[in-house]
Amino acid sequence: MPIYALGDYEPEIHETAFVHPDAVVIGRVRIGPEASVWPCAVLRGDHGRIEVGARTSVQDGTVVHCTHDWPTLIGADCVVGHNAHLEGCVVADMCLIGSGSVTLNRVKVGTGAVVAASCLVPEGFEVPAGALVAGVPAKIKRTGLTPDWVEGAVKIYIETGRAHRTGLRRLEPKDR
């Protein structure tokens, strides 16, 4: 799997995490216990640091980047949907970041919040805990969500990560 040090910075990947062989992890990146990073995801900690919390899943095609001034910090028990883009933002625990969404610098996503699919969360926006934001640009559509709803999705990806960590094998053309 393409995991790269950059200068003195080497990614720290917990032994129980799963990073797919086709994901790319570069530089100042920390991936927590039972977290998963799926195919074609890119976590590039070259200008700052990236943290992925315990049991968080970063789905296929997602790009996670940071700046010198704004790290990207993703809490525990989160699901980051396919083809999302997170840049210099802070995502609290038990959040869903929807597929195809863009969450930009200085954004704070509160505990248990949902960023809808294809949403653009502009720089400096604050998503309150338990809120649903949607649209381009993001607008608060609902409040009062409880974070327990995301538990099922988190459990599915913990189990899927375990299955891939122990059972994934690459087939060569002769094996097909």
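Bear in mind that the values here come from a model prediction, so they are computed numbers and not experimental data.

J.: Residue-level account of the overall build of the protein, with values.
T.: When helices and strands are tallied, the protein shows one helix and 20 strands. For 176 residues, the compact-globule estimate of 2.2 N^0.38 gives 16 Å, and the protein sits close to it at 16 Å. C-alpha extents for the protein along the principal axes are approximately 50 × 35 × 25 Å. Restricting to contacts in the protein with at least 6 residues of sequence separation, those with at least 24 account for 11%. Summing over all exposed atoms, the protein offers an accessible surface of approximately 8,700 Å²; the carbon and sulfur share of this is 53%.

J.: Run through unusual backbone geometry, naming residues and quoting values.
T.: The linkage connecting Val-136 with the following residue, Pro-137, adopts the cis geometry, with an omega of 0°. Tracing the chain through its elements places Pro-137 in the loop between strand S19 (132-134) and strand S20 (139-142). Unlike most non-glycine residues, Cys-40 shows phi in positive territory, near 65°. By the secondary structure assignment, Cys-40 is in the loop between strand S5 (36-37) and strand S6 (42-52).

J.: Just give me the short version of the pattern of salt bridges, but keep the residues and values in it.
T.: Tallied over the full model, the rule gives nine salt bridges. One salt bridge in this structure joins Glu-12 and Arg-30, with 3.3 Å as the shortest N-O distance. Of this pair, Glu-12 sits in strand S2 (residues 12-13) while Arg-30 sits in strand S4 (residues 24-31), and the two are 18 residues apart along the sequence. For Glu-12, a relative accessible area of 44% translates into the label partly exposed. Here Arg-30 falls in the partly exposed class, since its relative accessible area comes to 42%. A salt bridge links Arg-49 to Glu-51, with the nearest nitrogen and oxygen atoms 2.5 Å apart. When salt bridges that share partners are traced, they join Glu-12, Arg-30, Arg-49 and Glu-51 into one network.

J.: Please set out helix H1 (residues 151-167) residue by residue, giving values where relevant.
T.: Because each turn of an α-helix spans 3.6 residues, side chains separated by three or four positions end up pointing in the same direction. Helix length check: H1, at 17 residues, gives a terminal C-alpha distance of 24 Å against a target of 24 Å (1.5 Å per residue), a fit within 8%. Packed against the buried residues of H1 are strand S3 (18-19) and strand S10 (79-80).

J.: How would you sum up the environment of Ser-118? Please name residues and give values.
T.: The residue Ser-118 is located in the loop between strand S16 (114-115) and strand S17 (120-121) in this model. If near-sequence neighbours (up to four positions away) are discounted, Ser-118 is found in contact with Ser-99, Gly-100, Ser-101 and Val-136.

J.: Break down the pairing of S6 for me, with residues and values.
T.: Pairing analysis gives seven bridges linking S4 to S6, with the strands arranged parallel. Along S6, the bridge assignment pairs Val-24 with Val-42. Two strands pair when backbone bridges link them, and S6 and strand S9 (residues 72-74) are joined in this way by three bridges, in the parallel orientation. Of the residues in S9, the one forming a bridge with Ile-50 is Thr-72.

J.: Explain the environment of Cys-66 to me, and be specific about the residues and the numbers.
T.: Secondary-structure assignment places Cys-66 in the loop between strand S8 (63-65) and S9. Sequence separation between Cys-66 and Ala-23 is 43 residues, and the spatial gap between their C-alpha atoms is 17 Å. Ignoring sequence-local partners within four residues, the contact set of Cys-66 consists of Arg-44, Gly-45, His-47, Gly-48, Arg-49, Ile-50, Pro-71, Thr-72, Glu-87 and Gly-88.

J.: I'd like to hear about the side chain of Thr-103, residue by residue, with values.
T.: Relative to the elements of secondary structure, Thr-103 occurs in strand S14 (residues 102-103). Judged by relative accessible area, Thr-103 falls into the buried class, the value being 0%.

J.: Tell me about the sheet that holds strand S13 (residues 96-97), residues and numbers included.
T.: Spatial strand order, S3-S5-S7-S10-S13-S16-S19-S20: eight strands in an open sheet with mixed pairing. Each of the sheet's edge strands pairs with one partner strand only, and the pair in question is S3 and S20. Summarising the sheet, S19 and S20 pair through three bridges and their orientation is antiparallel. Bridge pairing in S20 links Val-133 to Ile-140.

What counts, and where the lines are drawn
- Every chain is numbered independently, its residues counted from 1 as its sequence is written.
- In view of the model being predicted, local features appear only for residues whose pLDDT reaches at least 70, and side-chain atom pairs are presented and counted only at 80 or more, with totals across whole chains, interfaces and linings using the full set of residues.
- Calculation of side-chain values draws on the structure's entire complement of heavy atoms; hydrogens and water are dropped beforehand.
- Strands here are runs of E lasting at least two residues and helices are runs of H or I lasting at least four, both read from the DSSP assignment and numbered beginning at the N terminus.
- For the radius of gyration, the atom set is restricted to C-alpha positions; the globular benchmark scales as 2.2 Å times the number of residues to the power 0.38.
- Here a residue-residue contact requires only that any non-hydrogen atoms of the pair lie within 4.5 Å.
- Using a 1.4 Å probe, accessible areas were evaluated by the Shrake-Rupley method; residue-level cover was limited to the displayed protein chains.
- Salt bridge, as applied in this entry: a Lys or Arg side-chain nitrogen positioned within 4 Å of an Asp or Glu carboxyl oxygen.
- Categorising residues by exposure relies on relative accessible area from a 1.4 Å probe, with only protein chains included: less than 20% of the type maximum marks a residue as buried, more than 50% marks it as exposed, and the intermediate range marks it as partly exposed.
- The span one expects for a helix is its residue count, reduced by one, times 1.5 Å.
- Here, a strand pair is defined by DSSP locating no fewer than two bridges between the strands.

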